[in-house]
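The residues making up each chain are set out below.
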Amino acid sequence: MTALRDILITGLLLGGLFALVSVGLTLQYGVARVLNVAHGEFIMVGAFLTFWLLGSVSLNPLLSLAITGPAAFIVGFILHKTLFRRLMHSSPSLDIFEGRSMLASFGLLYVVQNLARIIWGSDVEGYTFLNSTITGAQIPLNRLVALAFVVVLGGAFYFFLARTRLGKAIRASAQSPSTAQLMGVEINNVLAICFGLGLALAAIAGSLLSTFFAIQTTMGLGYTVIAMVVVVMGGLGSITGAMIGGIILGLVSSTVTFFHPSLTMIAYYVIFIVLLLARPKGIMGK
Amino acid sequence: MMKAKQMTRDKGITLALLAVAFLILALLPQITSGYILTLLIDILKFAVLTVGWVIFSGPSGYMSLATAAFYGLGFYIAAVFSGSIPFSLLILLAGVSSFVVALGVGALTLRLRGVYFTIFTFALVLLVQNVVLEVERVVTQTRGRFVETVSTEGVYYAIFIVFVLTVVSAVLIRRSRYGLALQSIGEHEEAAAHSGINVVWTKVLTFASSAVFMGMAGAIIATRRTYIDPYIAFNLNTSFLPVLMAMFGGMGNLVGPVLGAALFTYIGEILLTRFPDLYMLLFGVVLILSMLFMPNGILGLAQGIWRKMKGGGRAPA
């Protein structure tokens, strides 16, 4: 029973984080149509910025979210306005744009990862923060705090999409960019905002996970894969799907890790491939 | 009439140029050795991978990132069988196994469309990498394997022959029923199906054919290294680079991918020797810039400039 409880709790904690990572990716693909292979690199940058701010000005890791998130948003906004927008205009069709933008994001992966390596080196880093456990269960406090942040952020984000004007514009653009434009949506701004928001969520996730995971400048690709698995699981472009998918993958991860830790990665891919073959449109796909 | 004569003369010149290039490449190990030969092996390797990739993904528009899976399979065939069977048989075996594996993978996945297929092939490479890693950990209790090496000249001739084979097959497939069928699938899959093309079979067969050359290249290049492990064999870069090289060169015909592979490998080599620390960073910058400023590849860029200079209003080819 205690084993089951631990698996469940660890899974939920991890799942929340996976959901946060994946919502960013699904936003980039679902609205801006960029399958961002460099997504995980911004998780890494978020994690390292938090680590660096803690080391240099001893800023509380939880407060550093207020810096890493907006900074990543600005970078994403500018990236879309310059790079991806140009690619969009030079591509004859959406399929071609998807291919080209993915390759460009692969270039971005190299640039970001290597800049980070030059700045922060390639060693495994980490720090301890709120690592006391709550009595009775094996739940470290830092993970619980991270989950609380994920829930609050997720709720705020959901409210933003469902209730605000900009959120409505984003949802409209996801359904049909051209119709949204005809209805008076500033489509170029909306796409850039979505891409920026995606990166901001990635960086925030990175900052949060640095409070309990070891970090390394090469860690990005692993998270990109997790995000892709979750996003396909939930249905490309579906935000609710990404959240559900994240929780499911978190539970799978904690279950497999409990019984056979070295099979965790394989389990991800097997689930991913089986799901892709059985239901390519994903849980919430239409 | 004039036009037809012009075309046959053009074709003659092209063939003569090809023959000269072929002779130079075939005789090169007699004249030179060392660095140039090593560089050429690298270029030919990427040319094989790129042209192999273009055979399927060029006309069909299905962007495959599975190259590393078949290339890595070739690596492991070489690691398991090197020393016990002749080099030529080894290469053949790698080609055949890649074909069979690709048939299976293709039959399972080619009903996925567009970006789903791409994501699947992306995950496939990482799945195979992790499975091999785990199998080695449990069964052999090591991470890597040793491969018996072959002389540089031997490797050069092997990859050269495979390169010629790849290009010839690419041309033949392109002109065959399957090539044309694949082209029409790329243009409109439903329409192709309705006009009587066996869509699934065409895709699976061409996908498997393109994998043959990737596996062969893997088996040959594996002998350049003494030690391989799953991270070296199933490296995602091997999947992405051919796509980039094809795009860099331009995919309109087969000259583009070969040119792209040669130029990209050479640029990579220069960056690696001049700025070993910044190599990957600069590589990323080159990649982004080439996507931005020459989305149709170098050949597309050259054609665009040529058209502008002539001032003609010919429709783009």
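Residues numbered from 1 in each chain as written. Chains lettered and ligands numbered in written order. Predicted model: local features only at pLDDT ≥ 70, side-chain atom pairs only at ≥ 80, totals over all residues.

Description of the overall build of chain A
For step 1, the next point in the chain: Helix and strand counts for chain A stand at eleven helices and zero strands.
For step 2, the next point in the chain: In chain A, the succession of helices and strands from N to C terminus is α-α-α-α-α-α-α-α-α-α-α.
For step 3, the next point in the chain: What you see for chain A is a C-alpha radius of gyration of 19 Å, in line with the 19 Å of a compact globule of 286 residues.
For step 4, the next point in the chain: The dimensions of chain A, computed from C-alpha atoms along their principal axes, are 60 × 45 × 35 Å.
For step 5, the next point in the chain: Looking at chain A as a whole, 51% of its 286 residues are labelled buried.
For step 6, the next point in the chain: Contacts spanning at least 24 positions in sequence make up 78% of the contacts within chain A whose residues lie at least 6 apart. (Helix = DSSP H or I, 4+ residues; strand = E, 2+ residues; numbered from the N terminus. Rg over C-alpha atoms; globule rule 2.2 N^0.38 Å. Buried ≥ 20, exposed ≤ 12 C-beta atoms within 10 Å, placed from the backbone. Contact = placed C-beta atoms within 7 Å.)

Remarks on the packing of helix α4 (residues 94–120) of chain A against helix α13 (residues 279–293) of chain B
For step 1, the next point in the chain: For the pair α4(A) and α13(B), interaxial distance at closest approach is 8 Å and the crossing angle is 155°. Taken as axis vectors, α4(A) and α13(B) run roughly antiparallel relative to one another. The crossing of α4(A) and α13(B) is left-handed. In this structure, α4(A) contributes Arg100(A), Leu103(A), Ala104(A), Phe106(A), Gly107(A), Leu108(A), Tyr110(A), Val111(A), Asn114(A) and Leu115(A) to the contact, and α13(B) contributes Met280(B), Leu281(B), Phe283(B), Gly284(B), Val285(B), Leu287(B), Ile288(B) and Met291(B).
For step 2, the next point in the chain: Of the residues belonging to the contact of α4(A) with α13(B), the class tally is 14 nonpolar, three polar and one charged. (Axes fitted to C-alpha atoms, helices over the stretch in contact; angles between N-to-C directions. Parallel < 35°, antiparallel > 145°, perpendicular 65-115°, else oblique. Left-handed = near helix turned anticlockwise from the far one by under 90°. Nonpolar A, V, L, I, M, F, W, Y, C, P; charged D, E, K, R; others polar.)

A look at the environment of Ser88(B)
For step 1, the next point in the chain: Within the secondary structure, Ser88(B) is located in helix α4 (residues 87–109).
For step 2, the next point in the chain: Considered as a pair, Ser88(B) and Ala158(B) are 70 residues apart in the sequence and their alpha carbons are 7.9 Å apart.

Quick word on the confidence of the model for chain B
All names here are of chain B.
For step 1, the next point in the chain: Across chain B, the average pLDDT comes to 86, with 95% of residues at 70 or higher.
For step 2, the next point in the chain: Looking across chain B, the model is least confident in helix α14 (residues 297–310), with a mean pLDDT of 73, and most confident in helix α9 (residues 199–222), with 94.
For step 3, the next point in the chain: Interface confidence in the predicted complex, given as ipTM, is 0.81; pTM for the same model is 0.85. (pLDDT = per-residue confidence, 0-100.)

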